[in-house]
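# Observations on the three-dimensional arrangement
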Amino acid sequence: MTESKAAGSDGVEVSSVLKCWEYRACDKLGCPARGASDVRCWIVSRDFRPGVSTTGDKYLESCALCGVFLARLERSVGRRLSDGAVADTVRFLAQEMCLYEGALRKAYEGLKVEHLNLETRIHEFSILFKICNVMHGTMELEKILKIILASVTSGNALGFNRAMILLVDEERGVLSGRMGTGPSSMEEAARIWSELEASNVSFEAVVRMSTEGPGSPDDALTRTAKSLVFPLKPGIDVTVDSVLGKQPLHIRDIDSYGGTISQKLRDSFVRCEFVVVPIMTKGRAMGALVADNVFSRRPITEEEVDLLLGLAHQAGLAVENAAVYESMRLRLSEVATLQEVGKGILSTTSLAEVLELIARISAQVIGAKGSVLWLYEEGQDRITPGARFGTGESIVQKSLTELGEKLARWAIAEKAPVLVSDCGSDPRFSETEKGLASSVIAVPLAALGNIVGAITVYDKVARSDFDTSMFDRDDEKFLVILADQAAIAVQNARLFETIKETEKRLRETQALLLRTEKLAALGEMSAKVAHEIRNPLTSIGGFARRVNKNLKTNDPNRDYLDVIIKETERLERILNEQLQFAQLSRPRLQMEDINSVVEESLRLVSEETLGRKARVLKKLSMDLPKLLLDYDKIKQVLINILQNALKFLPLGGKIRVETKKAGDSVQVIIANEGERIPGELMDRLFVPFFTSGKDGTGLGLAVAYQIVREHGGEIRVKSDKEWGTVFCVCLPVSTNQDRRRTVGDRRARPADRRKRFQEGF
Amino acid sequence: MKTLLVVDDDGSCRKLYESEFSDEGYVVAGASSGPEALKLLEASKFDLVILDVKMPGMDGLDTLCEIMKTKRNLPVVINSAYGTFKSNFTTWNAEAYVVKSSNLDELKRTVRAILEQKPCPR
């Protein structure tokens with residue numbers, strides 16, 4: 001006899017069941033055997049399996065063999081029992097046992113179901129837990145939506161066939177579809193399932209796969225989802241009803257459903273039993289989750305709906321977190337931007353750069369397609385675009401700029417921001433203007449109470465999933481803060497520009513002063529030298545002439561005296577040139593024809609011109625205004641320049657003399673062929689006593705320069721390929737009609753002069 | 001015979017003028033400074049004065065002013081190595097202004113013109 005130790009497939013030991021029976025039978029019959037009989041009750045159990053109907057017979061068999069049992073039975077009855085009686089009793093007992101077994105079995109089955117239920121719950125919770133883990137691990141809405149959909153449709157998560165998410169847009173008061181996932185046909189569904197079964201991927205892997213890549217997925221169901229927009233009003237659609245009622249709606253039969261299923265949803269999604277659960281957080285419905293099993297046709301259980309609701313709840317939290325995170329991120333980026341603006345403004349003082357920066361930032365930060373920064377001059381009521389961002393040159397852009405100007409003027413006139421969220425519904429816009437921009441803001445730039453300009457932005461591009469494509473108060477507020485900074489920057493840059501301009505003028509004046517001072521000192525010195533030399537020269541030359549006069553015509557000493565006289569004359573000429581420089585007195589200004597000065601100068605150098613065999617190309621403009629100038633001095637200038645030109649002209653070369661009007665000045669251009677002047681020499685051309693090494697005192701050009709400066713003009717010089725040197729004397733066309741009379745010709749009217757003197761002049 | 005007074009601190013110049021103008025037929029006296037010239041003018045009559053400007057001490061301009069105080073009609077020819085004094089209106093009191101040169105032709109022409117054109121009133 002062997003005990004059965006075999007374990008049932010259910011894990012309950014068969015032997016323990018049998019033992020139970022034995023005690024039960026013995027108890028019932030008052031049999032003391034209780035396993036103590038030679039023939040143990042459970043002998044029958046050798047090949048016993050619970051649920052096999054022969055239990056009773058086997059048991060009978062067993063008891064009939066048990067001597068103790070029989071003896072006990074007979075004693076209790078008080079007589080010997082026939083075999084038949086024994087069999088009856090045993091049969092009765094067997095029936096009892098069967099009933100007991102049934103009850104036990106039932107209890108066991110119950111336990112098993114309960115156990116399974118528990119296991120399912122645990123499984124479900126673990127799925128939910130996994131989903132939550134993954135979902136709360138990201139702050140990106142797109143990703144969260146992808147995770148939700150993957151969780152709903154993944155075979156090792158909720159295992160629906162298809163799912164779709166709609167979110168509430170509070171600003172627009174609508175529920176709009178965002179994303180969907182699921183195969184679009186039975187074939188695709190079968191393929192995906194077989195693939196998944198073969199690869200046996202984990203839930204995490206499915207999530208990872210589904211969240212790969214940026215942006216929303218581009219599948220049929222997502223497109224479908226995005227086409228769905230329902231106003232948040234009851235009776236429009238089952239999804240809206242679920243959101244408004246904040247409860248799941250399980251539609252088993254679409255034809256007998258009492259509520260409304262919009263035609264749009266019917267056309268695009270609904271084909272069989274489906275479920276809608278609201279995505280909730282803190283008692284607020286943020287959207288709805290729709291799911292069905294269109295391909296597998298598996299009925300949706302209440303447990304699944306519960307699970308979906310649990311998931312939707314978590315989804316709500318995650319979506320809200322993402323929204324909060326996104327708004328924080330925007331705030332942070334705004335603060336960072338303001339800091340950038342501040343930094344940018346501090347780092348540059350160039351007005352143009354500041355304007356560019358502000359235009360760019362104002363558009364980028366609030367997500368406008370374009371912006372224009374306007375500068376306003378209060379005194380002249382003039383408004384001009386200072387910088388643009390995003391606006392090009394096309395005609396549409398030009399009209400946009402005009403629209404911008406109109407807006408900027410509004411803002412400047414009202415000294416307050418102008419926000420037009422929806423141009424289409426604003427009566428102040430013409431139809432053309434409505435076509436140009438959908439949403440605009442204009443903000444005036446005010447610094448220290450002065451309006452210095454305005455910023456206009458147009459056409460918003462949503463910066464995130466929570467942003468709208470219309471400007472709102474937040475955008476306006478931000479732009480106002482930016483405008484404050486910008487205004488100060490513009491003001492600063494303008495001031496700086498003025499300072500720079502003033503400084504530049506100061507520098508010029510200083511340079512001029514320095515030069516004048518130097519020249520004055522130089523003049524004084526040279527005059528002194530000239531005087532000191534002139535006296536002895538006068539004596540030397542004078543006496544030489546005297547001696548020469550008294551000598552006989554054929555005296556050989558005459559030649560020597562001639563040398564002395566000539567050299568003295570040369571020295572005196574040089575002194576005259578020096579003194580010319582030193583004696584620069586105030587110009588005697590008259591309205592003169594510059595062409596006649598040119599002609600006269602050319603006449604005076606004609607001898608030298610002939611000497612160099614020079615060809616003079618004259619090109620004198622006939623319609624030049626008369627100029628206020630000192631005829632003699634300007635003549636001197638032209639002669640000096642002409643002489644310089646002739647000096648460097650190759651024999652037989654060309655000289656070009658041209659007069660023309662250029663802007664506010666008249667130019668006399670004197671160019672000569674010849675070698676180019678090196679740059680470093682060019683700088684020193686007008687420095688007194690600077691000479692090229694050829695003969696000359698180095699004063700001719702310095703004198704010319706000084707005279708022209710006194711006339712308020714300038715001399716430019718350049719060297720080019722065609723002409724070795726090009727001098728350009730620029731004289732301003734002066735509106736100054738001042739004709740101060742300076743020293744007159746005293747020898748002409750001596751009597752008058754004396755009279756004036758006598759009268760106490 | 002016309003009498004000339006040459007006022008110049010430069011001795012050689014003075015000597016040159018004295019000999020040249022004597023050759024021209026004038027009676028020439030010389031003075032080496034302003035005060036000396038004034039003294040000579042006080043003592044005797046002259047028909048014309050040739051006056052240098054840059055002189056140590058009392059310069060030509062001061063001398064000219066002094067001359068004009070007493071002999072308003074005496075012609076004076078300024079003869080300076082400088083041209084700059086032309087713009088100083090004190091020199092307007094002079095009859096002429098000739099810049100010094102070894103060639104005395106201009107000076108001689110000027111002197112002759114003044115003396116011939118206007119017989120000196122006594």
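What counts, and where the lines are drawn
Note on numbering: residues in each chain are counted from 1, in written sequence order. Key to labels: chains lettered from A, ligands numbered from 1, both in the order written. Predicted model: local features are reported for residues with pLDDT of at least 70 only, side-chain atom pairs are reported and counted for 80 or more only, and whole-chain, interface and lining totals are derived from all residues. Where helices and strands are cited, they refer to DSSP runs of H or I of at least four residues and of E of at least two residues respectively, numbered from the N terminus. We call two residues in contact when the distance between their C-beta atoms, placed using the backbone, is within 7 Å. As a rule, residues whose C-beta atom has 12 or fewer other C-beta atoms within 10 Å are exposed, those with 20 or more are buried, and those in between are partly exposed; C-beta atoms are placed from the backbone. If DSSP finds at least two bridges between two strands, the strands pair. Orient the strands so they point away from the viewer, and a crossover whose first-strand-to-second-strand path over the helix runs clockwise is right-handed. Given a helix with a known number of residues, its expected span is that number minus one, times 1.5 Å. Nonpolar core, as used here: buried Ala, Val, Leu, Ile, Met, Phe, Trp, Tyr and Cys residues forming one set through C-beta atoms within 7 Å. Angular values range over 0 to 180 degrees, each being the angle between N-to-C directions of two axes fitted as lines to C-alpha atoms, with helices fitted over their stretch in contact. Any angle between 65 and 115 degrees counts as roughly perpendicular, while under 35 counts as roughly parallel, over 145 as roughly antiparallel, and the rest as oblique. If you view the pair so one helix is near and one far, a crossing is left-handed when the near helix is turned anticlockwise from the far one by less than a right angle, and right-handed when it is turned clockwise. Residues are grouped as follows: Ala, Val, Leu, Ile, Met, Phe, Trp, Tyr, Cys and Pro are nonpolar; Asp, Glu, Lys and Arg are charged; every other residue, Gly included, is polar. Confidence scores per residue from the predictor, reported as pLDDT, run from 0 to 100.

### Thoughts on the overall build of chain B
For chain B, the helix and strand inventory stands at four helices and five strands. Reading chain B from its N terminus to its C terminus gives the helix and strand order β-α-β-α-β-α-β-β-α. Here the analysis covers contacts within chain B between residues at least 6 apart in sequence; of these, 59% occur between residues at least 24 apart.

### Concerning the overall build of chain A
Within chain A one finds 22 helices and 18 strands. Out of the 761 residues in chain A, the part that is buried amounts to 32%. Taking contacts inside chain A between residues at least 6 apart in sequence as the whole, the part at least 24 apart equals 69%.

### Focus on the pairing of strand β3 (residues 48-51) of chain B
All names here are of chain B. Of the two faces of β3, the one carrying Leu48 and Ile50 and the one carrying Val49 and Leu51 are both buried. The pairing of strand β1 (residues 3-7) with β3 spans four bridges and is parallel. Among the inter-strand pairings, Val6 is bridged to a residue of β3, identified as Ile50. In the sheet, β3 pairs with strand β4 (residues 76-80) via three bridges, with the strands oriented parallel. Its bridge partner being in β4, Leu51 is matched across the sheet by Ile78. In terms of handedness, the path from β3 via helix α3 (residues 60-70) over to β4 forms a crossover that is right-handed.

### Digging into helix α6 (residues 186-199) of chain A
Residue and element names in this part refer to chain A. Between its first and last C-alpha atoms α6 spans 20 Å; for 14 residues at 1.5 Å apiece the expected length is 20 Å, and the two agree. Of all 14 residues that make up α6, zero are buried, and the element is exposed over most of its length. Of the residues trailing α6, Asn200 is marked for its positive phi of about 50°.

### Remarks on the nonpolar core
All names here are of chain A. Judged by nonpolar contacts, the single largest core of 56 residues is most densely connected at Ile148, Val152, Ile165, Leu289 and Leu308. Once residues within four sequence positions are removed from consideration, Ile165 is found in contact with Leu145, Ile148, Leu149, Arg178, Met179, Ala225, Gly287 and Leu289. Counting 49 residues, the second-largest nonpolar core is a separate cluster that includes Ile358, Val440, Tyr458 and Ala483.

### Concerning the pairing of strand β10 (residues 440-447) of chain A
Across a regular strand the side chains alternate sides, sitting on one face of the sheet and then on the other. All names here are of chain A. Where burial is concerned, most of β10 is hidden: six out of the eight residues are buried. Pairing of strand β9 (residues 418-420) with β10 involves three bridges; the strand directions are antiparallel. Across the sheet, Val420 pairs through a bridge with Val440, a residue of β10. Looking at chain direction, β10 and strand β11 (residues 450-460) are connected through eight bridges and run antiparallel. Residue pairing across strands places Pro444 opposite Ala454, the latter belonging to β11. What sits between β10 and β11 in their antiparallel hairpin is a turn of two residues, with Leu448 showing a positive phi close to 50°.

### Description of the sheet that holds strand β4 (residues 249-251) of chain A
Residue and element names in this part refer to chain A. In space, the six strands of this open sheet follow the order β3-β2-β1-β6-β5-β4, with antiparallel pairing throughout. A strand with exactly one partner marks an edge of an open sheet, and here the two such strands are β3 (229-231) and β4. For this sheet, the mean angle separating the axes of adjacent strands, direction not counted, is 20°. Relative to strand β5 (residues 274-281), β4 is paired through three bridges, and the arrangement is antiparallel. Opposite Ile251, over in β5, you have Phe274 as the bridge partner. Along the sheet, helix α5 (residues 141-153) makes contact with β1 (162-169), β2 (174-181) and β6 (284-292), crossing β1 at roughly 145°.

### A look at the packing of helix α17 (residues 594-604) of chain A against helix α19 (residues 631-648) of chain A
Residues and elements named next belong to chain A. It is the contact of α17 with α19, at a shortest axis distance of 9 Å, that shows an interaxial angle of 50°. Here α17 lies oblique to α19, going by the angle between them. Once α17 is placed against α19, the crossing between them reads as right-handed. In this structure, α17 uses Val597, Val598, Glu600, Ser601 and Leu604 to contact α19, whose residues at the interface are Tyr631, Ile634, Lys635, Leu638, Ile639 and Leu642. Taken together, the residues of the contact of α17 with α19 break down into eight nonpolar, one polar and two charged.

### Side note on unusual backbone geometry
Residue and element names in this part refer to chain A. Non-glycine residue Lys282 carries a positive phi angle of around 50°. The topology assignment puts Lys282 in the loop between β5 and β6. With a phi angle near 55°, Lys613 is a residue other than glycine that sits in the positive phi range. On the secondary structure map, Lys613 appears in the loop between α18 (606-611) and β13 (615-620). Overall, Lys613 belongs to the exposed group, with 11 C-beta atoms counted inside 10 Å.

### Looking at the confidence of the model for chain B
For chain B, per-residue confidence averages 86 on the pLDDT scale, and 92% of positions sit at 70 or higher. Note on the complex model: pTM 0.42, ipTM 0.81.

### With respect to the environment of Gly724 of chain A
Residue and element names in this part refer to chain A. If you trace the backbone, Gly724 turns up in the loop between β17 (714-718) and β18 (725-732). The exposure class of Gly724 is partly exposed, given the 19 C-beta atoms found within 10 Å. As for Gly724 and Phe648, which are separated by 76 residues in sequence, their C-alpha atoms are 8.7 Å apart. When neighbours within four sequence positions are excluded, Gly724 is seen to be in contact with Phe648, Asn672, Glu673, Gly674, Glu675, Arg676 and Ser719.

### Observations regarding the sheet that holds β9 of chain A
All names here are of chain A. Spatially, five strands are ordered β8-β7-β11-β10-β9 in an open sheet, and the strand pairing comes out antiparallel. The outermost strands of the open sheet, each flanked by one partner alone, are β8 (382-389) and β9. Across this sheet, the average inter-strand angle for adjacent strands is 20°, counted without regard to direction. Bridge count for strand β7 (residues 368-377) against β8 is seven bridges, and the pairing is antiparallel. Bridge assignment links Tyr376 to a residue of β8, and that residue is Ile383. The strands touched by helix α12 (residues 351-366) within the sheet are β7, β8 and β11, with β7 carrying the most contacts at an inclination of about 140°.

### Regarding the environment of Phe471 of chain A
Residue and element names in this part refer to chain A. Among the structural elements, Phe471 can be located in the loop between β11 and α15 (473-550). It is 8.3 Å that separates the C-alpha atoms of Phe471 and Ile366, two residues lying 105 residues apart in sequence. Ignoring any residue separated from it by four or fewer positions in sequence, one finds Phe471 in contact with Leu419, Ser421, Ser439, Ile441, Lys460 and Glu476.

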